[in-house]
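What follows is the residue order along each chain.
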Amino acid sequence: MPIEIARVKDGPTQSVTFTASNSTTGGFNFSLYAGAMIHVSSVTGSPTTLTWKVKENEEASTVYPVADGSDAAITTTIQTGRAYPLPDELFAAGYVMATTDTGTAVCKIIVKG
């Protein structure tokens, strides 16, 4: 008997505002999904980079920077009106957030199950 894998075809879309501070930046629950796209809707203050971070869940107070195997921060260079895949390093994350290098970035998060 073949194994069937169920996927969410159209996951929920949510708007998240990323800021330059861990205490004010937005985030989203990624624990039920296998991938996501980040659509940069608008920016204020000319941010060019998102630096990815995780928490155990939305209520957790400890924020962990995400790093690759060489201990380099995982970042995404952004521009308004562009879409970017969520970095592979975040695949196993529960609650994902990012900080900007300056200003704010309003993004739509499109998830895929």
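Each value, and the rule that gives it
Residues numbered from 1 in each chain as written. Predicted model: local features only at pLDDT ≥ 70, side-chain atom pairs only at ≥ 80, totals over all residues. Heavy atoms only, no water. Helix = DSSP H or I, 4+ residues; strand = E, 2+ residues; numbered from the N terminus. Buried < 20%, exposed > 50% of the residue type's maximum accessible area, 1.4 Å probe, protein only. Pairing = 2+ DSSP bridges. Core = buried A, V, L, I, M, F, W, Y, C linked by side-chain atoms within 4.5 Å. Contact = heavy atoms within 4.5 Å. Axes fitted to C-alpha atoms, helices over the stretch in contact; angles between N-to-C directions.

Chemist: Can you walk me through unusual backbone geometry in this structure?
Modeler: A negative phi angle is the norm for most residues apart from glycine, just as the trans form is the norm for most peptide bonds. Located in the positive-phi region is S46, a residue other than glycine, with phi close to 60°. By the element assignment, S46 lies in the loop between β3 (35-44) and β4 (49-55). For S46, a relative accessible area of 56% translates into the label exposed. One non-glycine residue, D71, adopts positive backbone phi at about 70°. Note that D71 resides in the loop between β5 (64-65) and β6 (75-77).

Chemist: Sorry, what's going on with the pairing of strand β8 (residues 95-100) here?
Modeler: Within β8, six of the six residues are buried, leaving the element largely enclosed by the surrounding structure. Neither face of β8 is left uncovered, since the one carrying Y95, M97 and T99 and the one carrying V96, A98 and T100 both have all their residues buried. The pairing of strand β2 (residues 27-29) with β8 spans three bridges and is antiparallel. Bridging across to β8, F28 finds its partner in V96.

Chemist: Would you mind showing me how to read the nonpolar core here?
Modeler: One broad trend across soluble globular proteins is that nonpolar side chains are buried collectively. Ranked by internal contacts, the top residues of the largest apolar core, which has 24 residues, are F18, F28, W52, L86, V96 and I109. Every element with two or more residues in this core is listed here: β1 (13-18), β3, β4, β8 and β9 (104-112). The greatest single-element share of this core, amounting to four residues, is contributed by β9. Apart from residues lying up to four places away in sequence, L86 is in contact with F28, F30, A36, I38, W52 and V96.

Chemist: Explanation requested: the pairing of β4 in the structure shown.
Modeler: It is a general feature of regular strands that their side chains alternate between the two faces of the sheet. Judged by how many residues are buried, β4 sits mostly within the fold: five of seven residues are covered. Pairing between β4 and β6: three bridges, direction antiparallel. Bridging across to β6, T49 finds its partner in T77. For β4 and β8, the ladder comprises six bridges, and the chain directions are antiparallel. For W52, the partnering residue across the bridge sits in β8 and is A98. Where β4 and β5 come together, two bridges link them in antiparallel fashion. Considered in β5, the bridge of V54 is made with Y64.

Chemist: Before we go on, may I ask you to explain the side chain of T25 in this structure?
Modeler: If you trace the backbone, T25 turns up in the loop between β1 and β2. Once residues lying within four places of it in the same chain are set aside, the contact partners of T25 are T17, F18, T19, M97, A98 and T99.

Chemist: Please clarify how the sheet that holds strand β7 (residues 83-85) should be interpreted in this entry.
Modeler: Paired through their backbone hydrogen bonds, the strands of a sheet run either parallel or antiparallel. Pairing is antiparallel in the open sheet, where four strands are placed in the order β1-β9-β3-β7. Both outer strands of the open sheet, β1 and β7, are each paired with one neighbouring strand and no more. Sheet twist, expressed as the average angle between the axes of neighbouring strands with direction ignored, equals 30°.

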